[in-house]
Amino acid sequence: MRRRYCLLLGTAAVILASAGLTSAMVPEDILTIRTAEAGDLSPDGRYLLYSIGVWNGDTDQRDRTLFRRDLDTGKDLVVFTPEDNSWGAVWRPDGTAIAYLRQTDAGSEVWIMAADGADRQRISAGTGSFGPLHWAPDGSALAWAKSARTGPYEGVDGQYLVADRLGYRHLGEGYRRGKLGQLFVMDLANGQPRRLVEANLDVRSLSWSPDSRELVFEAKADTNLGLNLNSDLFIVGRGGGEIRQITTNGGPDSSPLWLDNGHIAWMRSEDPIWESSPRTISVMSPEKGDQGPLEVHGQNLDTNFRRWAEHEGHFYALAARKGALELVQLDGGKQKWLTNFQHDFWSFQLGGNRVVLQGPSQTHPGAIYAVDLAEKTMGPHRPRAVVD
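Summary of the structure given here. Remember, it's a predicted structure, so these values are computed and weren't measured experimentally.

**Observations regarding the nonpolar core**
Working step 1: Grouped together as the largest cluster of nonpolar side chains are 17 residues, with contacts concentrated most on L183, L196, V203, L206, W208 and F217.
Working step 2: Secondary-structure elements contributing two or more residues to this core are β10 (141-149), β11 (179-187), β13 (201-208), β14 (214-221) and β15 (232-237).
Working step 3: In terms of residues, this core owes the most to one element, β13, which gives 4 residues.
Working step 4: Not counting chain neighbours up to four residues away, the residues in contact with W208 comprise H134, W135, A136, P137, A141, L142, A143, V185, E214, L215, R238 and W258.
Working step 5: Residues A97, L101, W144 and A148 belong to the second largest nonpolar core, which totals 15 residues.

Structure, rendered in structure tokens:
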């Protein structure tokens, strides 16, 4: 047995030497690895926006090129090069156009282009500060959440900070510089950004109503920052005005989604302190809020889950099983595992009959996979690598 081990080690040494692998990996080598990042999936599930990042030693940053992959044919179309200084591309709900952000010397701008990357035009009236863009269902407006000043601040930029929030227990809290996440909207007709929420609330996520007239958003009261996990859901009209709170749960109410049937679904936990407390996907009437009857999904899932979505009346989430994060379909107290416990996905998107997932593979730190939900299978699907 000892001779066999020596023979194996000797053979390995010869192979490594012949391959020219004479030095160990160093931290700088990690920077040279090309990275893939899934972007937005078209509503019909055919086209995926994704980027490839390559380290630029001259600028000490990663240059990204955005592609549009036709998942039916495998063909790529280059959408952005690093010289375009553009990012955050998202499909219009009808799949005919893409909105994105572009950086100029004067600041950030909102642009729009056709589905094939043609006919690019600026739609924001000027430069500004923008967050991830969310299309109104009718395609007439964009909304986003972005930190903004909500009151006086005694610090001086570039000279000294005033620590107004030191709650480092929960990620995202800390030095606020007098800013909280606020909700903004911009009508494409005039390109003028408007702040819909200017309150002592820290806005985190949002969703449009099906008729494009209202928005539901998740926010945390500034008095709770750094103290607990509590966040609640609120509704505000597209034109601003009164803000209506629709949840009163003591734990986190997060990631709202206004469904096509007019109800609101969201991720709910009742524990204000424990980050790993059980969660459910709950559904409520926007008129009655969480004081009315709730439709609950995932209550019998014996593990925690993150990142969820609704598609054609079904709910999906990434949940832990067998030491990995896999895709599961949740319908009431029932669950159906859709991927085969050989990956560790950290994000997913649904469109048409297709789901696109991102996670590590054996050869790449950020591979992108696809699953055809219409495929007939006796057990979990085997995800197909589309970018690796």
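Read on, since the account is not over.
**What to know about the pairing of strand β1 (residues 35-41)**
Working step 1: The element β1 is extensively covered by neighbouring structure, given that 5 of its 7 residues are classed as buried.
Working step 2: Pairing analysis gives 5 bridges linking β1 to strand β2 (residues 47-56), with the strands arranged antiparallel. From the neighbouring strand, T35 faces β2, where its bridge partner is G53.
Working step 3: In this antiparallel pair of consecutive strands, β1 and β2, the connection spans 5 residues, and G45 shows a positive phi of 80°.

**Observations regarding a nonpolar patch on the surface**
Working step 1: A surface patch of nonpolar side chains, about 300 Å² in accessible area, is lined by M25, I30 and I33.
Working step 2: Relative to the helices and strands, M25 is located in the loop between α1 (2-18) and α2 (27-31).
Working step 3: A residue is classified by how much of its surface remains accessible, and M25, at 63% relative accessible area, is exposed.

**Topic: the sheet that holds β2**
Working step 1: What the 4 strands build is an open sheet, ordered β1-β2-β3-β4; its pairing is antiparallel. Each edge of the open sheet is held by one strand with a lone partner, namely β1 and β4 (76-80). For this sheet, the mean angle separating the axes of adjacent strands, direction not counted, is 30°.
Working step 2: The pairing of strand β3 (residues 61-70) with β4 spans 4 bridges and is antiparallel. Residue pairing in the sheet places R69 in a bridge with D76 of β4.

**Brief notes about the environment of P43**
Working step 1: Tracing the backbone through its elements, the reader meets P43 in the loop between β1 and β2.
Working step 2: On the accessibility criterion, P43 (37% relative accessible area) is partly exposed.
Working step 3: For the pair P43 and G352, spaced 309 residues apart in the sequence, the C-alpha separation amounts to 6.4 Å.
Working step 4: When residues no more than four places from it in sequence are discounted, the contact partners of P43 are W91, R92, P93, G95, G351 and G352.

**Things to note about the packing of aromatic side chains**
Working step 1: Counted by the stated rule, this structure contains 9 aromatic pairs.
Working step 2: Ring geometry for F80 against Y100: centres 4.8 Å apart, planes inclined by 55°, an arrangement best described as tilted. Here Y100 lies in strand β6 (residues 97-104) and F80 lies in strand β4, a separation of 20 residues in the sequence.
Working step 3: Under the relative-accessibility criterion, Y100 is labelled buried at 2%.
Working step 4: One aromatic cluster in this structure is built from F80, Y100 and W111.
Working step 5: Here the guanidinium or amino end of R68 rests over the ring plane of Y47, the centre of that ring lying 4.1 Å away.

**Some thoughts on the sheet that holds strand β20 (residues 295-297)**
Working step 1: Read from one edge to the other, the open sheet built from 4 strands follows the order β17-β18-β19-β20, with strand pairing classed as antiparallel. The sheet is open, and its two edges are formed by β17 (253-258) and β20, each paired on a single side. Between one strand axis and the next, the sheet turns through 25° on average, direction left out of account.

**Re the side chain of S124**
Working step 1: The topology assignment puts S124 in the loop between β8 (121-122) and β9 (134-135).
Working step 2: Looking at S124, the relative accessible area reads 3%, which means it is buried.
Working step 3: In terms of polar contacts, S124 uses its side chain to reach the backbone amide nitrogen of V110, at 3.0 Å.
Working step 4: Apart from the residues lying within four places of it in its own chain, the contact partners of S124 are E109, V110, F130, M186 and G191.

Thresholds applied
Residues numbered from 1 in each chain as written. Predicted model: local features only at pLDDT ≥ 70, side-chain atom pairs only at ≥ 80, totals over all residues. Heavy atoms only, no water. Core = buried A, V, L, I, M, F, W, Y, C linked by side-chain atoms within 4.5 Å. Buried < 20%, exposed > 50% of the residue type's maximum accessible area, 1.4 Å probe, protein only. Helix = DSSP H or I, 4+ residues; strand = E, 2+ residues; numbered from the N terminus. Contact = heavy atoms within 4.5 Å. Pairing = 2+ DSSP bridges. Patch = residues over 30% accessible without salt bridge, like charges linked within 9 Å, V, L, I, M, F, W, Y side chains within 5 Å. Areas by Shrake-Rupley, 256 points an atom, 1.4 Å probe, with all protein chains shown as cover. Salt bridge = Lys/Arg side-chain N within 4 Å of Asp/Glu carboxyl O. Axes fitted to C-alpha atoms, helices over the stretch in contact; angles between N-to-C directions. Phe/Tyr/Trp six-rings, centres within 6.5 Å; stacked < 30°, edge-to-face > 60°. Lys NZ or Arg CZ within 6 Å of the ring centre and 35° of its normal. Polar contact = N/O pair within 3.5 Å; in protein donor to acceptor, adjacent residues only side chain to side chain.

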